[in-house]
Amino acid sequence: MIKKESRNSMRVVRHERIRANMFGTSTTPRLCVFRSNKEIYAQIIDDETRTTLVSASSLEKELKLKNGSNVEAAAAVGKLIAEKAKKAKITKVVFDRGGYLYHGRVEALANAARENGLEF
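Residues numbered from 1 in each chain as written. Predicted model: local features only at pLDDT ≥ 70, side-chain atom pairs only at ≥ 80, totals over all residues. Heavy atoms only, no water.

Caption draft 1: Structural view of the overall build of the chain. Within the chain one finds three helices and four strands. Secondary structure elements of the chain occur, N-terminal to C-terminal, as α-β-β-β-α-β-α. Each of the three principal axes of the chain carries a C-alpha extent, and together these read 55 × 35 × 20 Å. A separation of at least 24 residues holds for 60% of the contacts in the chain among residues at least 6 apart in sequence. A total of about 7,700 Å² of accessible surface is found on the chain, and carbon and sulfur atoms cover 51% of it. Averaged over its 23 positive side-chain charges, the chain has a centre that lies 4 Å from the centre of its 14 negative ones. (Helix = DSSP H or I, 4+ residues; strand = E, 2+ residues; numbered from the N terminus. Contact = heavy atoms within 4.5 Å. Areas by Shrake-Rupley, 256 points an atom, 1.4 Å probe, with all protein chains shown as cover. Lys, Arg positive; Asp, Glu negative; His and termini not counted. Charge placed at Lys NZ, Arg CZ, Asp CG, Glu CD.)

Quick look at the structure:
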């Protein structure tokens, strides 16, 4: 009988493969995306000091979202993370898609962050 791996375990394997070649520094930190069934989260991380510099999610009260798991919510989170990054004087980041396909919510978050001033 063939045993099929779960989608999340395969995503974790892809993410580890991506992270082997990607490293966020203090000059260009890493923009990491996590997508769950109900929400979407984004963090800007400095891997040298292992600290989260800025974070945003669809759970933020200021976004006032009814549904945190659609493309519009992802775009709002992308805009919010870019605004918070500007306040923290971060302009350039490395995009870490977290093992997800660059499609749908992940793409919407990335495009909104780009449109609002983040470079990657």
